Amino acid sequence: MDGPLTVECSLFLLVSPVLPPLLHSSPVKRPLLALQPSLCLSTEDGIPRESSPFISNADTEQDSYYDGKNMALFEEEMDSNPMVSSLLNKLANYTNLTQGVVEHEEAENEEGNPQMGTFIGVYLPCMQNILGVILFLRLTWIVGTAGVLETFAIVFMCCSCTMLTAISMSAIATNGVVPAGGSYYMISRSLGPEFGGAVGLCFYLGTTFAGSMYILGTIEIFLTYIVPNAAIFAAEKKEDAAEAMLNNMRIYGTCCLLFMALVVFVGVKYVNKLALVFLSCVVLSILATYAGVIKTVIEPPDFPVCLLGNRSLENHDFDKCLKTEVFGNATVSTELWKLFCDSPFLNASCDEYFASNNVSEIQGIPGLLSGVISDNLWSNYGPTGMLVEKKGQPSLPAQDASRDGYLPYVFNDIATSFMLLVGIYFPSVTGIMAGSNRSGDLRDAQRSIPTGTILAIATTSFIYMSCVVLFGACIEGVVLRDKFGDSVKRNLVIGTLAWPSPWVIVIGSFFSCCGAGLQSLTGAPRLLQAIARDGIVPFLQVFGHGKANGEPTWALLLTAGICEIGILIASLDAVAPILSMFFLMCYLFVNLACAVQTLLRTPNWRPRFKFYHWTLSFLGMSLCLSLMFISSWYYALVAMLIAGCIYKYIEYRGAEKEWGDGIRGLSLNAARYALIRLEEAPPHTKNWRPQLLVLLNLDAELGVKHRRLLSFTTQLKAGKGLTIIGSVLEGTYMSKAAEAKRSEQNVKSAMLAEKTKGFCHVVASSNLRDGFSHLIQTAGLGGMKHNSVLMAWPTSWKHTQDSVSRRNFIETVRETTAAHQALLVAKNVDGFPGNQERLEGTIDVWWIVHDGGLLMLLPFLLRQHKVWRKCKMRLFTVAQLDDNSIQMKKDLQMFLYQLRLDAEVEVVEMHERDISAFTYEKTLVMEQRSQMLKQMQLSRTEREREAQLIHDRNTKSHATLNDKAGPVPDRVHMTWTKEKLIGERNRQREANVGVRDLFNMKPNQSNVRRMHTAVELNKAIGSKSRGAQLVLLNMPGPPKNKGGDENYMEFLEVLMEGLPRVLLVRGSGREVITIYS
């Protein structure tokens, strides 16, 4: 085919053929998808069936007729896998309300929640939350201080940050149903409980401090512009005015907070009903501002500003911008004269600058066409107390400027810089989450959230950017830099531009700030309640409770308490950077969540919003991080520290939530990449560490038999490297699946109790031997495979009649050797120390043969743990007759020095001694016992074989008789024949001869020599190391001939006899320790 290949995917829904006629006859009229709950019922004959919502109770006969016929092929799966109708019914009846939570509106109006569209549900709430206190109280001052160009850059950066965040948020919000909880739900389900809890609490703190900022804005408008005389603290001197204002803010702010908290406590419905009023105030204020700008083209408003030289003056206490005026023929001083001179007389002593410079009057609002924008393009940063001056105005400086602070000049109340203004401005672009927080009330959240949020940000960005340009083009620079409007008779600066009256802006901004404060006090407690009910931060669980209708009472109290902290700060300029940090942290992680999910390409990442890309999310994340450090690097570090502490706390307390988050997917990708890299080459000697496979035995109750083996693993590993705890159940997996899961849980509980970090794996196998063999071969993955096996010494090998434990142990030794893995065998493991013990003494290493250096590495690793930290290492080696013991000791000390190991060295001389009678006797007893066990085993095997033959013959004869339906025979024919009788007599005769030969046999010379070595080494070890806390010694390999397995166990038993704690070590043969760096 030349054209492109088109593939169509179709979904077929299989419906029973009896449903259509019943659908037409059903009196119930409802959509097909709104099905009633379908239950899997069981009939009298036990066959499960799917109850149909379309079949009425009267149609019982027809129901039973069709029962079990339509979907009989799938009837066994119906218990675990529901029919499609049941699934669709659950989706149709899905609710995102938390069980037990009943909103006020739903309690009073049974029609349920209104299903809002994009405009009412997302666009308007976002507009109301974004436009607010900073626009009305600080934007003019920011434009005057930073200049039009830099303010435009600030606005553009902040709006770009929120737009990029909104794109990422839209992708997350449209990737499935977002229940009530909004932004917190999105972040936590995308990045996991640790990030979710940390960022959720940051978002909560940001929302709470936003409430403080709005309340402070409300009080600032009230005390500065509406009722200035309502101040409780009045300043007698000008230098005390700032402190008095702060105290007034604290008193009135606390009263306002209590009132708002009471309103929220009484009922959220009042806040929601007033929301439209507050939004109307915002819209009217902005329209009044634009109308005022247009009016300045026709007729600029009259707001004169008085200048002394080039300095702007506060005109609270004078009406005329004159030093003197003429009444009749007399020249008299004005109110302005009295402010700068010590008396009203013309010969009074006046301030030097006042005397040297003339006063002049300029228009504060020259208008859009005045060209004043050219003067306002550039910045005017300065320290606290810097005078607000007009550039280009003639001025003669004074020699003494010490009294300037007591005169009615307009000053900078704080030191200004570009970074400070970024922190103050950023809260004005927050509030983009308002739509996602209402996701439960939206008719189509997946369509409304992206559209409404992005349109709201675009609209508000246009408003902010246009206001920056218009303010710079219409208002005089000295007025713009006058934060509180002192030079224009204490009018709100943006109000001087408004039409028809400044009071439109004052009243509108007052109610706007009130509404925003109420919204913050409403939203923050619900956010805290959502976090508390998730259970990921244990100490917050008390705040998940509330009134009977679900109102978060305790969370509201905590929110009011934190909000009071912001009010006690009392300065809007100081609170704004704090909440900027918390919001930027939240937005950063929204972008991170989207970027991680996009890059991982998880199958569940299928957002309906398609206009996103990981580069946009990464750019948004970088911009958030940059803005955090630009606005205030120390606040940024504190916010990150708080988030980090919460993250580590949730991680430490063990967040047992599995939300399919992106961080888990990122971990899986990183693990896959690391495993592939690890498999490329074996680890270098310098990177070698024991990666343990611990073979555990379980008791009859499926509990761990030797828990101290786990303690020893913890002490040896200290959480580093790989640890796999393996165990085996005898039987098939089909029959032992439940027991295997229970065993795994028991082992994990034991690992948790013993602080063993690793993985647990319980397998079912036909016998223990095969199970352990499978674990040794297959445990681990790729490059993360074990290189060492740790197991307990089989203490019952002598007592077991069939010697299963002995054979399992020796085969394990052989398999680890064949797999080039090290083997550690702990004897008397139940006597090993627990993790709470602290040992003092020595760890003695008996280095007989060199098989890779593991023997010397183990004490070093053990001493890293606090249990063994106070123990010293002693190294013993054995010298033969022709060895130079003194030189050996020196060489060994130098070798340990180069290995950077601290240990005492001792060379033990093993002289050639005659084999003692004790050794000879012990070897003889060992071989006699071995021979007897073999004969007993042979005899048992023959008896079992004979019994099996009889059983098979009887089974066959019964089957034949049953087929022929003949009479049952009155006796069973035995299978003895003459040949079998003769063979049995010969075997009995040989057995009797064998028993007699046991008492006449002589021991094998090779066994005698080995026993001699074991006895002599045991004597040497006992004399030197009987008081040691732990003895490590080389483990000899098993005989190549399997016939000597019993003797091998006996040799090891003699070698370790009388020693309290022993660790046998058999290296893998590869070097695991090096002298090189």
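On a predicted model such as this, the values are computed, not experimentally measured, just so you know.

Concerning the overall build of the protein chain
A tally of regular secondary structure across the protein chain gives 33 helices and 17 strands. Evaluated residue by residue, the protein chain yields a buried proportion of 48% over its 1077 residues. Look at the contacts in the protein chain between residues 6 or more apart in sequence, and 81% of them connect residues 24 or more apart.

Side note on the nonpolar core
Ranked by size, the top nonpolar core spans 160 residues in total, and within it Met-213, Tyr-425, Phe-426, Tyr-464, Phe-471, Ile-475 and Phe-589 carry the most contacts. Of the residues forming this core, the biggest block, 22 residues, is contributed by helix 8 (residues 182-226). Here Ile-475 is in contact with Gly-364, Ile-365, Pro-366, Val-372, Asn-376, Leu-480, Val-493 and Leu-497, once residues within four sequence places are set aside. Counting 51 residues, the second-largest nonpolar core is a separate cluster that includes Leu-698, Ile-725, Ala-826 and Cys-871.

So, a negative patch on the surface
Residues Glu-236, Glu-239, Asp-240 and Glu-243 make up a contiguous surface patch of negative charge. Structurally, Glu-243 is set in helix 9 (residues 241-266).

Some points on the environment of Ala-498
For Ala-498, the location among the structural elements is in the loop between helix 17 (493-497) and helix 18 (502-534). Taking the relative accessible area as the measure of exposure, Ala-498 reaches 10% and is therefore buried. Sequence separation between Ala-498 and Ala-291 is 207 residues; the distance between their C-alpha atoms is 6.8 Å. The contacts of Ala-498, once residues within four sequence positions are left out, are Ala-288, Thr-289, Gly-292 and Ile-505.

Some details on the side chain of Ser-765
Counting through the fold element by element, Ser-765 comes out in strand 10 (residues 759-765). Judged by relative accessible area, Ser-765 falls into the buried class, the value being 7%. A polar side-chain atom of Ser-765 sits 3.3 Å from the main-chain amide nitrogen of Gly-771.

A short note on the sheet that holds strand 16 (residues 1030-1034)
Read across the sheet, 10 strands follow the order 10-9-8-11-12-17-16-13-14-15 without closing on themselves; strand pairing throughout is mixed. Of all the strands in the sheet, the pair left with one neighbour each is strand 10 and strand 15 (904-909). Within the sheet, the average angular offset between the axes of one strand and its neighbour, ignoring direction, is 20°. Strand direction decides the pairing type here: strand 13 (residues 840-847) and strand 16, joined by four bridges, are parallel. In the strand pairing of strand 16, Asp-844 is matched with Val-1031. Most of the contacts of helix 24 (residues 708-717) go to strand 8 (residues 692-695), to which it runs at about 170°, and overall it touches strand 8, strand 9 (723-730), strand 11 (788-792), strand 12 (822-827), strand 16 and strand 17 (1062-1066). Docked against the sheet, helix 29 (residues 885-898) engages strand 13, strand 14 (870-879) and strand 15, running at close to 150° with respect to strand 15.

Brief notes about the side chain of Lys-390
With respect to the element layout, Lys-390 can be found in the loop between strand 7 (359-363) and helix 13 (418-425). Judged by relative accessible area, Lys-390 falls into the buried class, the value being 14%. Of the polar contacts made by the side chain of Lys-390, one reaches the side chain of Glu-476; its length is 2.9 Å. For Lys-390, the contacting residues outside a window of four places in its chain are Leu-307, Asn-310, Ile-362, Asp-375, Glu-476 and Val-478.

Observations concerning the pairing of strand 3 (residues 304-308)
Burial runs high along strand 3: four of the five residues are buried. In this sheet, strand 7 lies alongside strand 3 in antiparallel orientation, the contact comprising five bridges. Paired with Val-305 across the strands is Ile-362, a residue of strand 7. In this sheet, strand 4 (residues 311-312) lies alongside strand 3 in antiparallel orientation, the contact comprising two bridges. Bridge assignment links Leu-307 to a residue of strand 4, and that residue is Ser-312. Connecting strand 3 to the next strand, strand 4, in antiparallel fashion are two residues, including Gly-309 with a positive phi near 65°.

Some points on the confidence of the model for the protein chain
For the protein chain, per-residue confidence averages 79 on the pLDDT scale, and residues scoring 70 or more make up 76% of the total. Note that residues 957-976 has pLDDT below 50 and, in this model, 11 contacts with residues that lie over four places away or in other chains.

Some points on the state of the cysteines
Per the stated rule, a full pass over the model turns up two disulfides. Here the bonded cysteines of the protein chain are numbered in sequence order, and their pairing is 1-2, 3-4. Free cysteine Cys-255: the closest other cysteine sulfur is in Cys-256, separated by 8.7 Å. For Cys-255, a relative accessible area of 49% corresponds to the partly exposed category.

Some words on the packing of helix 21 (residues 614-631) against helix 22 (residues 633-653)
As a packed pair, helix 21 and helix 22 sit with axes 5 Å apart at the nearest point and diverge in direction by 125°. Between helix 21 and helix 22, the interaxial angle falls into the category oblique. Only Trp-633, Ala-636, Leu-637 and Met-640 of helix 22 make contact with helix 21, whose side of the interface consists of Met-628, Phe-629 and Ser-631. Split by residue class, the contact of helix 21 with helix 22 holds six nonpolar, one polar and no charged.

Here we look at unusual backbone geometry
Going from Trp-499 to Pro-500, the amide bond is cis rather than trans, its omega being 10°. Here Pro-500 is to be found in the loop between helix 17 and helix 18. Positive phi is not limited to glycine here, since Lys-489 has a value of about 60°. Counting through the fold element by element, Lys-489 comes out in the loop between helix 16 (477-480) and helix 17. Despite not being glycine, Arg-490 shows a phi value in the positive range, around 55°. By secondary structure assignment, the location of Arg-490 is in the loop between helix 16 and helix 17. Exposure remark for Arg-490: the relative accessible area of 33% places this residue in the partly exposed category.

Here's the deal with a nonpolar patch on the surface
Together, Leu-625, Phe-629, Trp-633, Tyr-634, Leu-637 and Met-640 make up a nonpolar patch on the protein surface, roughly 590 Å² of accessible area in all. Within the secondary structure layout, Leu-637 lies in helix 22.

A word on the packing of helix 9 against helix 18
It is the contact of helix 9 with helix 18, at a shortest axis distance of 10 Å, that shows an interaxial angle of 60°. Classified by the angle their axes make, helix 9 and helix 18 are oblique. Taken as a pair, helix 9 and helix 18 cross one another with a handedness that is right-handed. Two secondary-structure elements touch here, helix 9 through Leu-257, Met-260, Ala-261, Val-263 and Val-264 and helix 18 through Cys-514, Gly-517, Leu-518, Leu-521 and Thr-522. Per-class residue counts for the contact of helix 9 with helix 18 are eight nonpolar, two polar and no charged.

Topic: helix 13
Buried within helix 13 we find Leu-421, Val-422, Gly-423, Ile-424 and Tyr-425. As for helix 13, its buried residues are in contact with helix 6 (133-137), helix 7 (139-173), helix 15 (445-474), helix 20 (572-600) and helix 21.

Here's the deal with the pattern of salt bridges
Across all of its chains, the model carries 23 salt bridges by this definition. A salt bridge links Lys-320 to Glu-325, with the shortest nitrogen-to-oxygen separation between them at 2.9 Å. The exposure class assigned to Lys-320 is partly exposed, which follows from its relative accessible area of 43%. Look at Glu-325 and you get buried, because its relative accessible area is 17%. Each of the salt bridges in this network shares a partner with another, and the network as a whole consists of Arg-138, Glu-220, Asp-413, Lys-483 and Asp-573.

Thresholds, definitions, all that
Residues numbered from 1 in each chain as written. Predicted model: local features only at pLDDT ≥ 70, side-chain atom pairs only at ≥ 80, totals over all residues. Heavy atoms only, no water. Helix = DSSP H or I, 4+ residues; strand = E, 2+ residues; numbered from the N terminus. Buried < 20%, exposed > 50% of the residue type's maximum accessible area, 1.4 Å probe, protein only. Contact = heavy atoms within 4.5 Å. Core = buried A, V, L, I, M, F, W, Y, C linked by side-chain atoms within 4.5 Å. Patch = residues over 30% accessible without salt bridge, like charges linked within 9 Å, V, L, I, M, F, W, Y side chains within 5 Å. Areas by Shrake-Rupley, 256 points an atom, 1.4 Å probe, with all protein chains shown as cover. Salt bridge = Lys/Arg side-chain N within 4 Å of Asp/Glu carboxyl O. Lys, Arg positive; Asp, Glu negative; His and termini not counted. Charge placed at Lys NZ, Arg CZ, Asp CG, Glu CD. Polar contact = N/O pair within 3.5 Å; in protein donor to acceptor, adjacent residues only side chain to side chain. Pairing = 2+ DSSP bridges. Axes fitted to C-alpha atoms, helices over the stretch in contact; angles between N-to-C directions. pLDDT = per-residue confidence, 0-100. Disulfide = S-S within 2.5 Å. Parallel < 35°, antiparallel > 145°, perpendicular 65-115°, else oblique. Nonpolar A, V, L, I, M, F, W, Y, C, P; charged D, E, K, R; others polar. Left-handed = near helix turned anticlockwise from the far one by under 90°.

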